[in-house]
Amino acid sequence: MAISRRQFISRTGLASAGALLGPNLFRNPWMQQAMAATIGDRYFVVLFLDGGNDGQNTIIPVTSSLRTAYESNRGTGPGGIRIVNPLVPATPMLDQTGQIGFHPGLHSIADMYDDGMVAVVQGCGYGDYNLSHEVSRSIWERGNAFSSVGTGWMGRYLANSGYLGSDIPAVNIGGSVSGDFVQTATSVLVFDRLSDFGFPYDYSYGGDSGAKDAVFTALHDAALANGNAAMQYLGGTGNSTLTATNQYPTLHDLYEADRSAWGDLYQNDDPDGLNTSTARGFREIAKVIYGVAQGAIPSSLSARFFELANGGYDTHSNQGAAETDGDHYRLHAEVADAVKLFFQDLADMSSGAPMGSGLENLDSKVTVMVFSEFARRIEQNDNGTDHGSQGPMFVIGGAVNGGVYGNHPNIDDIDDNGNTRYSQDNGNAFRSTDFRDVYGTILKHWLGIANPQPLLPLDSDFGYAGVDYWTAPNFNMGFLP
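The model shown is predicted, which means the values in this text are computed figures rather than measured ones. Within each chain, residues carry numbers counting from 1 in the order of the written sequence. Since the coordinates come from a predicted model, pLDDT governs what is reported: local features require at least 70, and pairs of side-chain atoms require 80 or more to be given and counted, while whole-chain, interface and lining totals use all residues. Computation of side-chain values: all heavy atoms of the structure, hydrogens and water removed.

Undergrad: Break down the packing of helix 7 (residues 209–225) against helix 8 (residues 229–265) for me, with residues and values.
TA: Their axes nearest at 6 Å, the elements helix 7 and helix 8 cross at an angle of 150°. Put simply, helix 7 runs roughly antiparallel to helix 8. Crossing handedness for the pair helix 7 and helix 8: left-handed. Contacts from Asp213, Phe216, Thr217, His220, Asp221, Ala223 and Leu224 of helix 7 reach helix 8 at Met231, Gln232, Gly235, Gly236, Gly238, Asn239, Leu242 and Asn246. Angles here are taken between N-to-C directions and fall from 0 to 180 degrees, while the axes themselves are lines fitted to C-alpha atoms, restricted in helices to the stretch in contact. Numbered from the N terminus, helices here are DSSP runs of H or I no shorter than four residues, and strands are runs of E no shorter than two. Here is the rule for angles: anything less than 35 degrees is roughly parallel, anything more than 145 is roughly antiparallel, 65 through 115 is roughly perpendicular, and the remaining ranges are oblique. Each crossing gets its hand from how the near helix is turned against the far one by less than a right angle, where anticlockwise is left-handed and clockwise is right-handed. We call two residues in contact when some of their heavy atoms are within 4.5 Å.

As structure tokens, then:
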């Protein structure tokens, strides 16, 4: 069914306190100069693993002393979560400790790794780590461990890249705007399913929808004509959102008309369909990309930035090991299978597409970044894991320089909380990867920002320094060209 009026207001952001600050909050001329380039003919997807994914059972030591430490902390038998035989892809996965491998549930990601499409970025975290789900997620979404800034790292990018309140550059799959995309300069569209998306009219009186469109358009135009910046912002976002509720459902119709067989593969309409929430979320993103690439909707409404999430990673109990009915296996397989199908869908869209059609090489025009708010401790509890400090991120796409980046956390040296030690010391063989280096590399090498530093303030800007803090950024990690 169509979304309710209350949902419509909250999802468009028109009722948020932040919207009343107006579109000029991040319009500093110096900042604008640093944001001269744009994404061009590319797309970017953020996938959040909600709950704290167990990184120690995601990328796993196969050899070396870390394997000994891994086995001493994770048991086998009833309740044991040790991965006895990590999945070693055909292409060697090596770091400073030797061979590493994937959780068996990530077999589809391992296939893509062998195709050179997956960058595994190890040991990601931040100094003075926080183990609260809400706080740590906010830190990752804001891209800042110590500031009280309320905007998201992607939101700051959008706000400083020339997008206006009347533009819709981003779509979030779900019920609200993700913290990554929070800002007050432009619009972010939110929905679960394109087929159900629409303005919340009373469908018992569908004949007067045109008149209602006209009334709302007049109200928005009046706000645009107002000299107040906040009113102009409301008018612009109102008009663009109203237009989008009419335009975006046509992207569903286009995809279904041309690609219904692929659509079935994302759900159980096909015997081999995945039928998971993550797969269905990626299908909605595929619909938008398919339409946007062909110019099916106005360029100002054409989203190129996306976010979706998969929950269930707070595995304090019943986590499981490699058994296919275990919670962690199921979660990993859900994500990996959905990502692989999504890129297969993109590749098929491009098959035979002529140059200049917008559809050519789509699988190389899309990059997906996968993260979780924290990892888990190496020592298992009864049959699960507690909140930990550092874990892996994935960057996936046809343009990605696949391989292993960063160092596996030193699970043979834990702190008083039972967590691996975060350090930015270049002399440390287990030097951690600050998550903002990953963000900065994406901003610079995929999103075209020559200098991401204004969007990602250093810890030293807030009085922190030393090897436990982020004071020397590396925005050239190598996983993107």
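Undergrad: How would you explain unusual backbone geometry if you had to name every residue and give the values?
TA: The backbone phi angle of Asn275 is positive, close to 55°, even though this residue is not glycine. One can find Asn275 in the loop between helix 8 and helix 9 (277–293). Judged by its relative accessible area of 35%, Asn275 is partly exposed. Phi angles above zero are rare outside glycine, and Asn318 is one such case at about 55°. The residue Asn318 is located in the loop between strand 8 (305–311) and helix 10 (327–350) in this model. In this scheme, a residue with accessible area under 20% of its type's maximum is buried, one over 50% is exposed, and one in between is partly exposed, where area comes from a 1.4 Å probe on protein chains only.

Undergrad: Can you lay out the pattern of salt bridges for me, pointing to particular residues and giving the numbers?
TA: Salt bridges are defined as contacts in which a side-chain nitrogen from Lys or Arg sits within 4 Å of a carboxyl oxygen from Asp or Glu. Counted according to the given criterion, the structure contains 17 salt bridges. Among the salt bridges present, the one from Arg283 reaches Glu284, with a minimum N-O distance of 3.4 Å. Glu284 matches Arg283 in its accessibility class, with the two residues each being buried. One salt bridge connects Asp314 with Arg376, and the closest N-O pair in it is separated by 3.3 Å.

Undergrad: Talk me through the nonpolar core; I want residue IDs and the actual numbers.
TA: Each nonpolar core is a collection of buried residues, namely Ala, Val, Leu, Ile, Met, Phe, Trp, Tyr and Cys, held together in the definition by side-chain atoms within 4.5 Å. Membership of the largest hydrophobic core comes to 61 residues, with the highest contact counts inside it found for Phe102, Tyr248, Phe282, Phe342, Phe343, Val368 and Ile396. Look past the residues within four positions of Phe343 in its chain and what remains in contact with it is Met112, Met117, Asp363, Val366, Val368, Ile396, Gly397 and Gly398. Counting 44 residues, the second largest nonpolar core, distinct from the first, contains Ile39, Met154, Phe371 and Phe479.

Undergrad: I'd love a proper account of the pairing of strand 1 (residues 43–50), names of residues and values included.
TA: Most of strand 1 is tucked away, with 7 of its 8 residues classed as buried. In the sheet, strand 1 pairs with strand 9 (residues 366–372) via 7 bridges, with the strands oriented parallel. Looking across to strand 9, one finds that Leu47 is bridged to Val370. When DSSP finds two or more bridges between a pair of strands, those strands are recorded as paired. In terms of strand pairing, strand 1 meets strand 8 through 7 bridges, oriented parallel. Across the sheet, the residue bridging to Phe48 is Ala309, located in strand 8.

Undergrad: Go over the pairing of strand 5 (residues 118–125) with me, naming the residues and quoting the values.
TA: With respect to burial, strand 5 is a largely interior element, 8 of its 8 residues being buried. Where strand 5 lies against strand 12 (residues 391–397), 5 bridges are found, and the strand directions are antiparallel. In the strand pairing of strand 12, Val121 is matched with Met393. With 3 bridges joining them, strand 5 and strand 13 (residues 403–405) adopt parallel strand pairing.

Undergrad: Could you give an account of the sheet that holds strand 3 (residues 94–95), with specific residues and numbers?
TA: A sheet is described by the order of its strands in space; here 3 strands give the open sequence 2-4-3, paired in antiparallel fashion. Edge positions in the open sheet fall to strand 2 (59–61) and strand 3, since each of these has one partner strand only. Examined bridge by bridge, strand 2 and strand 4 (residues 98–102) share 3 bridges and lie antiparallel to one another. Along strand 4, the bridge assignment pairs Ile59 with Phe102.

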